[in-house]
Each structure stands twice: as C-alpha cells, then as structure tokens.
Amino acid sequence: KTIQTQQQQPLETTTMARKTMLPHLLILTSLLFFAAQCSDAYTPSMSSPRWSSSRYSSATSVDGATSTTTKSATTDQEDGEENITTRDLLSLDYIRSTLIRQEETIIFALIERAQFRQNDIVYEVGGVPGLGAPLGSSVSEEEEVELSFLDFMFTGTEALHSRVRRYESPEEHAFFPSRLPKRTNSLSELDYPNLLSNDAAIDDLNWNKILKDKYLSVIVPAIAEKGDDEQYGSAVIGDIAVLQALSKRIHFGKFVAESKYRSNPVGFQQLVEEGNAAGVMTLLTNEKVEAQVLTRARLKATNYGREPLLASLPKVEGGEEDNTTSIIAAAAAAAVVAAVEAMKKSEKDFASIKGKVDPAIIESIYRQLIIPMTKDIEVAYLFLRCGKEPPVEYASDRMSVDVTELSCPN
C-alpha cells in the first residue's frame, strides 16, 4: 500500500502540473494566433534602417532612380552586418516595416498631447503677444509678422533642427521652409542616394499646410478636452511632436509610390496619360493592408493608452522558473483581454480616463486623415513621375476627399 501511494504521488504531481500549465499554454497559443491575425502577412526586415552614405556606396542614376554599388561589403560582413542596398530601401516590405515603427511614435505623441486642454489661445495670431522673431529664423525681427504661439515655437524648433541636417533627409519636410536659416558648416553634408525621381516638382511636394490645418481643426478637438489649463508651452511642444511624426508618415507616400511604380510602370503610365486619377488611386490601393493598419493602430492605442492591469494578475506560487512562465502567460492574457474589451468601449467610456485617447479616435485619424493624405501624395507623385501635372483635387493645399470631423466606428 505504501509503495502504491509513493508511486501515485509523482504521478498525481505530474498530472496537476500539466493541468496547471495547460491553461497557460492555451492562453499563449491564443495570444500568438490573435497577434498573427492582426499583423501583416510578411516578416519585416531585421536590419536597422539606414541610408547608404558616400563612404560605403556610389550612386548611378538610372531612369530617375538610383542603383547603389557597395564598396566595402567585406568590412560590413566582417562586422556581422548585412548590407542594405537601394533595392532594399525601396521594397514594400522595408517601407511597411518603417511605417509600422512610426505608429508608436504617432500614438504616443497623440496620448501626450491629450494630457492638456485644447488651449485655443496658442493657435491664435497675437494670442500670446510680444513674441518677436523666433530664435534662428531667417526672417529678421523688422520683417517679422505677428505669429501664433504655435508658429513661433515651431519656427524656432525647425531652425534648430535644420542646423543638425534634419531637413536634408528625403524623409523630412519642414512646415516653414522659407524661414529655415542658411546652412552652416558645423556638420558635413550627407550623401543620400537618389531613391526618388529627380523631377524638381517632386522635391516640392509638401502636404504640411493641409496637414497642419486638419490637425488644428479636426484632431485637436477630438483628442483634447475643451478649455484652457494655462499649460501653453507643454501643449505646443506636444503639438509639434505630433505634427512632425504625422508629416514624416504621410510623406513616406513618396517612397511607397516609387516602389509601386517600379513594380508596374506600364500600368501607371497608361492611367496617367489617360488622366485617370481614380484609376491610379485604385491601382495603388491595397485594402487588406489598410485594414491591418487600422486594426493594429487601434490595438496599440488600447494598450498604450491605459494602465497595466496588475491587479487582475493571479497570484503565482512555485519556483522561480514557474513564476516567470506563469506571470508572462497571465500578463499576456490580461493584455489581450484588456485590448479586446477596450476596443468594445465607446467614446463616453474613455472620457473619464484622464490623459488617454479613445482607441476609436486613433483608428479614425488613420482612416480619415493619415491614410487618405498618404494616398493623395502617392497619386500626385505618380502623375509627376509619369510626366504630367496631377489633377487639381490632388494639390498640396487640400485633401481629395475633405474631412471636417472624425466619425468614430462603433
């Protein structure tokens, strides 16, 4: 009897351990499946995105594009790094992985701005009097016109950033390019490869004016509480962070358009010659990817915009290894449940959470503003790329489909 009892005890212990781990394994399996459903159907590049520099590459223009020949491949291989070619930088996989990384920047910036009231006075010309000329601006104090507090701070910020070569990058576009100071010799010029068409009109494509207008009239009222809290500096710094992140995101449409053009130059050329802007829009649209972007943005906003549900984690007993596995499984399950539940909440449910943004609003910003503006830039780019002026509805001072307020999904 004693022998039987001793034999049964290890068996019962093993059975109980299996029963304890089974829910955790099911949770992890469900989480992985859930994540797979919400992610893009490709594996982003594991290499750190970087532009080739003149020390390592030489560029030869071919039909308005650039092919890069690596000079020091051996050095890179010895360092354990894979070379990144121009073709890699223009692949849709690379571009999409870059856009995914930008989502965190945009969502966190929106959450930061939502901490403060709308503070309309900072957007009014003369609302904060006696500002003078922004520091570093190329416009003298005598010639300076009165600015809003936002424009005053923004101009000075861009003047400072331009001194460290920010706007020499093809990824960046200034909101006040005419006010940027002349280049100094403090830092040497970087040799960026010509990834885009060499058409001068393409260099001038800048959607920042309409982006800023829609940010102030549509986004700020949607994310920030009405009224004034006197936190003008903090609010404006938040505005600048959001606008710079949004600008980089929508102007990446140039790289998306170039990549799509190279994959089907005949198709785009024919549509442009016919003046068929709607056909160009249809050809460049990928509804599946757009749906994935919207789902991912809402899920990220849900997780980033709330406190971790530590109180809901179960008490775990056992060894250190068991603790780690169980806590990870429980935390993952709690995060998924919280995200799914939060996605079901309405705007009223989130109104009581100070400093947070309704995930439905983040999704609407992507659906009604970010994605449409990106695609407007793509259409304008493709028309210029194919040798024709874009239709007037795709001018840089408007949206092809105007948006005056956000309509949040249920």
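Anything mentioned here points back to the structure above.
Okay, so let's go over this structure.

Cut-offs applied
- Residues numbered from 1 in each chain as written.
- Predicted model: local features only at pLDDT ≥ 70, side-chain atom pairs only at ≥ 80, totals over all residues.
- Heavy atoms only, no water.
- Salt bridge = Lys/Arg side-chain N within 4 Å of Asp/Glu carboxyl O.
- Helix = DSSP H or I, 4+ residues; strand = E, 2+ residues; numbered from the N terminus.
- Buried < 20%, exposed > 50% of the residue type's maximum accessible area, 1.4 Å probe, protein only.
- Expected span 1.5 Å × (residues − 1).
- Bend = angle between axes of the 7 residues up to and from the residue.
- Polar contact = N/O pair within 3.5 Å; in protein donor to acceptor, adjacent residues only side chain to side chain.
- Contact = heavy atoms within 4.5 Å.
- Phe/Tyr/Trp six-rings, centres within 6.5 Å; stacked < 30°, edge-to-face > 60°.

### Notes on the pattern of salt bridges
Next, step 1: Throughout the structure, instances matching the rule amount to 16 salt bridges.
Next, step 2: Where Lys300 meets Glu103, a salt bridge forms, and the shortest distance between an N and an O atom there is 2.8 Å. Of this pair, Lys300 sits in helix H12 (residues 287–304) while Glu103 sits in helix H4 (residues 92–113), placing them 197 residues apart in sequence. Here Lys300 matches Glu103 in class, with each residue buried.
Next, step 3: Beyond isolated ion pairs, a larger network of salt bridges with shared partners links Glu103, Glu104, Arg296 and Lys300.

### Thoughts on helix H15 (residues 359–385)
Next, step 1: Its 27 residues give H15 an end-to-end C-alpha distance of 37 Å, which sits within 8% of 39 Å, the value for a rise of 1.5 Å per residue.
Next, step 2: At Tyr366, H15 is bent by approximately 35°, the largest bend along its length.
Next, step 3: Most of H15 sits inside the fold, with 25 of its 27 residues counted as buried.
Next, step 4: Its side-chain oxygen placed 3.0 Å from the backbone nitrogen of Ala360, Asp358 serves as the N-cap of H15.
Next, step 5: Taken from the residues just after H15, Gly387 is the one with a positive phi, measuring 90°.

### Some details on the environment of Glu144
Next, step 1: For Glu144, the position within the fold is in the loop between H4 and helix H5 (149–162).
Next, step 2: A residue is classified by how much of its surface remains accessible, and Glu144, at 13% relative accessible area, is buried.
Next, step 3: In the structure, Glu144 is positioned 10 residues away from Pro134 in sequence and 8.9 Å away in space, judged by C-alpha atoms.
Next, step 4: Excluding its chain neighbours within four sequence positions, the residues that come into contact with Glu144 are Gly132, Ala133, Pro134, Ser137, Val139 and Arg179.

### Focus on the packing of aromatic side chains
Next, step 1: A full pass over the atoms with the stated rule returns 4 aromatic pairs.
Next, step 2: Between Phe154 and Phe175, the aromatic rings sit 4.7 Å apart at their centres with planes inclined by 35°, giving tilted as the arrangement. A residue pair is termed long-range when its members are at least 10 positions apart, and Phe154 in helix H5 and Phe175 in the loop between H5 and helix H6 (200–203) qualify at 21 residues. For the pair formed by Phe154 and Phe175, the shared burial category is buried.
Next, step 3: With 5.0 Å between their ring centres and 40° between their planes, Phe252 and Phe255 make a pair best called tilted.
Next, step 4: Through a chain of ring-to-ring contacts, three or more aromatic side chains come together here, namely Phe154, Phe175 and Phe176.

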